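# Summary of the model geometry
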Amino acid sequence: MARKILIVVGIIVVVLIIAVLALPMFIDANKFKPTLESDLSTSLGRKVAIGNISLSIFSGGVTVDDVSIGDDPAFSQSAFLSAKQLTVGVALLPLIFSQKLEVSSFTITEPQVTLLHSAAGKWNFSSLGANASKTPSKSSSSTSFSVQRLKISNGTLTVGTAGSSAKTKHYDGVNLDASDLSYTTQFPFELTAKTPGGGSVKLTGKAGPISSSDASLTPLSATVAVDNLDLASTGFIDASSGLGGLVDFNGELNSDGESMTSKGTVKASKIKLAANAKPATVPVNIDYATKYDLKRETGALTEGNVHIGKALATLTGTYDTAGATTSVQMKLEGKAMPVPDLEGVLPAVGVTLPSGASLQSGTLDTTLAISGPVDKLVIAGPVNLSDAKLAGFNLLGKLGALGSFAGMKGGNTGSDTEIQTLSASVRVDAEGTHFQNLNLVVPSIGTITGDGNVSPAGQLDCKMSAKLGSANSAAGVMTSALSSFAGGGAKGGGIPFKITGTTSSPVFMPDLGGMAKGVTGTPNNAASAASGILGGLLKKKKQ
């Protein structure tokens, strides 16, 4: 008896296997195309078109070729999403016995998704599902609509601005895995993608319930990890601005659908903040906290501790992402920051020390305003340097003729410059670096004042004045004599001179034109007189 039962069971199993294998021959899955297109269009609020449908028995689903989801007409007439293939998970028993389609999951293979941002701050995905909730006859569709699992495999994401000719941004290797999606519950998800330039981003957390009025306002709680994000290659920043660097980011995001808070750590290496600047040689770490208004697309940086070695500065202010380019209004403040730690970031703002020189001691105080679009930042404010040592650069020796005719002690000996204090008002913008009201006290020389400009390429154009120290009587007498000769043409009653050349190779020379301003007579006679005086002084010094 047992043997007969086993034989019957075996026959039944064989018949069932044959029946399952034969199902694709008897069930025309394409008959469900209108239903599937209609349901998807209603749920998404977008026109959905699909190609051939085939039944995949062993995977428990339906495979759909050539899927296309239309864009919001306010943004584009092109497709919002197109995919080579969509696998729809279905319940097999209702499909076999009652030919009823019950969708449980979606797997989208190699989709092309276009995200567009309007000038008013809206995204084209914001209206996904909105029309369904507004249709009275389908009032329950949005609330009852759910998907057990949504999977996107190896997608490509294109980000741009609607109606703009600006370059779009492309993100490859986009993978999304989410489960139990609905308009009424929270669901877990994981999103990974490759960023332009070889970086990566990963978001893991929970979202939902999906906002039926604006999908971009869906509540969210997630951790974020960004590795090796190349700022210059993201496309969000104008390449001509010079802004660049590699960024790593680890933090968390929390949104209630109206505002979003975030905190974490940003590590920036090889950072650049100005055109023709050179990458920083040391990393910059920022511990931050921020609050962002999702509808207004504005936010405030409530905490920003900037670490550069042992140096600490605070960064606070506001930012606005509503336009084509993010703009900021922030303040950076640092007190008693060790200068040797800061030296590595000076190239990032276009400041290059003379060849072979380095800062070996000193502290810096500064309060800088940082404003404007991120690709055209303006950085301005006072800087104050105290008790610093510039090793490998002898300013007294570089003054050359100025040092010789003044008869200053020490001549060209030594290889370093001791700086007692340095203060100036500094501005860094697209035109270069500018400083005004510079006041430099160097014990071996005296006091140097002036204004100057450094071009983005590092070219120097500085008008300076040296009021030599009184320790050497000859220096004091010569300063007084040349100041009188200059007729007040030099600031503070000093000897005028110029600095030209480049930041890595500066050239110092007497400002004969500045001296000649105080001489009565024609310009040629004044210049001749100045040359004669200087020539005589230099000749006497050599004897």
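Residues numbered from 1 in each chain as written. Predicted model: local features only at pLDDT ≥ 70, side-chain atom pairs only at ≥ 80, totals over all residues. Heavy atoms only, no water.

### Digging into the overall build of the protein chain
Definition in use: In this description a helix means any DSSP run of H or I spanning at least four residues, a strand means any run of E spanning at least two, and both kinds are numbered starting from the N terminus. Accessible area is worked out with a 1.4 Å probe on protein chains only. A residue is then buried under 20% of its type maximum, exposed over 50%, and partly exposed in between. Residue contacts are counted whenever heavy atoms from the two residues lie within 4.5 Å of one another.
A tally of regular secondary structure across the protein chain gives 11 helices and 25 strands. For the protein chain, the residues scored as buried account for 41% of the 543 residues in total. Contacts in the protein chain between residues far apart in sequence, at least 24 positions, make up 51% of those at least 6 positions apart.

### Quick word on the nonpolar core
Heads up, the condition is: For this analysis, a nonpolar core means a set of buried residues of the types Ala, Val, Leu, Ile, Met, Phe, Trp, Tyr and Cys, connected via side-chain atoms within 4.5 Å.
Of all hydrophobic cores here, the largest spans 102 residues; its most connected members are Val64, Phe189, Leu395, Ile445, Ile448, Met464 and Phe497. Not counting residues up to four positions away in its chain, the partners in contact with Leu395 are Thr417, Leu440, Val442, Ile445, Ile448 and Phe508.

### Quick notes on the pairing of strand β13 (residues 259-272)
To keep it simple, the criterion reads: A pair of strands is considered paired only if DSSP assigns at least 2 bridges between the two.
Examined bridge by bridge, strand β12 (residues 244-255) and β13 share 11 bridges and lie antiparallel to one another. Counted as the bridge partner of Asp248 is Lys267 from β13. Connecting β12 to the antiparallel partner β13 that follows it, the hairpin turn spans 3 residues, and Gly257 within it adopts a positive phi of roughly 95 degrees. Relative to strand β14 (residues 284-293), β13 is paired through 10 bridges, and the arrangement is antiparallel. In the strand pairing of β14, Met260 is matched with Tyr292.

### Digging into helix α2 (residues 33-44)
Think of an α-helix as 3.6 residues a turn; residues three or four steps apart then line up on the same face. The test is simple: Expected helix span is taken as 1.5 Å per residue step, with the number of steps being one fewer than the number of residues. By arc we mean the arc of the directions from the helix axis to the C-beta atoms, nothing more.
Here α2 is 12 residues long and its end C-alpha atoms lie 16 Å apart, about the 16 Å a rise of 1.5 Å per residue gives. Among the residues of α2, those classed as buried are Leu36, Leu40 and Ser43. What you see down the axis of α2 is that its buried residues fit within an arc of 70 degrees, all on one side. Taken from the residues just after α2, Gly45 is the one with a positive phi, measuring 70 degrees.

### Structural notes on the side chain of Thr433
For Thr433, the location among the structural elements is in strand β21 (residues 432-442). The residues touching Thr433, leaving out its near neighbours within four places in the chain, are Val349, Val426, Arg427, Val428, Gly452, Asn453 and Val454.

### Considering the side chain of His434
Test applied: Each polar contact in these results corresponds to two N or O atoms within 3.5 Å; when the atoms are within protein, one needs to be able to donate a hydrogen and the other to accept it, and residues that are neighboring in sequence are counted only if both atoms are side-chain atoms.
Residue position: His434 is located in strand β21. Here Asp429 takes part through its side chain, which lies 3.1 Å from a polar atom of the side chain of His434. Reaching out from His434, the side chain makes a polar contact with the side chain of Asn453 at a distance of 2.7 Å. Ignoring sequence-local partners within four residues, the contact set of His434 consists of Ser425, Val426, Arg427, Asp429, Gly452 and Asn453.

### Some remarks on the environment of Thr161
Relative to the helices and strands, Thr161 resides in strand β7 (residues 146-161). Along the chain, Thr161 and His117 lie 44 residues apart, while their C-alpha atoms are 4.6 Å from each other. Excluding anything up to four places from it in sequence, Thr161 contacts Leu116 and His117.

### What to know about the environment of Leu181
If you trace the backbone, Leu181 turns up in strand β8 (residues 169-182). By relative accessible area, which is 12% here, Leu181 ends up buried. Here the alpha-carbon distance between Leu181 and Pro209, two residues 28 residues apart in the chain, equals 8.0 Å.

### With respect to the pattern of salt bridges
To keep it simple, the criterion reads: One side-chain nitrogen of Lys or Arg within 4 Å of one carboxyl oxygen of Asp or Glu is enough to make a salt bridge.
The tally for this structure, following the rule as stated, stands at 7 salt bridges. Among the ionic pairs, Glu333 bridges to Lys331, the shortest N-O distance being 3.9 Å. When its relative accessible area of 28% is taken as the criterion, Glu333 is described as partly exposed. The partly exposed category is assigned to Lys331, whose relative accessible area is 40%. Linked through salt bridges whose partners overlap, the residues forming this network are Lys331, Glu333 and Lys335.

### Details of the packing of aromatic side chains
Cut-off, in case you're wondering: Pairing of aromatic rings covers Phe, Tyr and Trp, the last counted by its six-membered ring, and requires centre-to-centre distances within 6.5 Å; plane angles under 30 degrees mean stacked, over 60 mean edge-to-face, and any other angle means tilted.
For the coordinates displayed, the defined rule picks out 3 aromatic pairs. Relative to Tyr319, the ring of Tyr292 lies with its centre 6.1 Å away and its plane at 5 degrees, an arrangement referred to as stacked. With Tyr292 in strand β14 and Tyr319 in strand β16 (residues 311-320), this residue pair connects regions lying 27 residues apart in the sequence. Using a relative accessible area of 14% as the deciding quantity, one classes Tyr292 as buried.

### Comments concerning the confidence of the model for the protein chain
What counts here: Every residue gets a pLDDT, meaning the predictor's confidence in that residue, from 0 to 100.
A residue-level look at the protein chain finds 72% of positions with pLDDT of 70 or above and a mean pLDDT of 77. Of the regions scoring below 50 in pLDDT, residues 132-143 engages in 11 contacts with residues more than four places distant in sequence or in other chains. When the criterion is pLDDT under 50, residues 471-491 qualifies, and its contacts beyond four places in sequence or with other chains add up to 42 contacts.

### Section: the pairing of β12
The pairing of strand β11 (residues 220-230) with β12 spans 9 bridges and is classified as antiparallel. Bridge pairing in β12 places Asp230 opposite Leu246.

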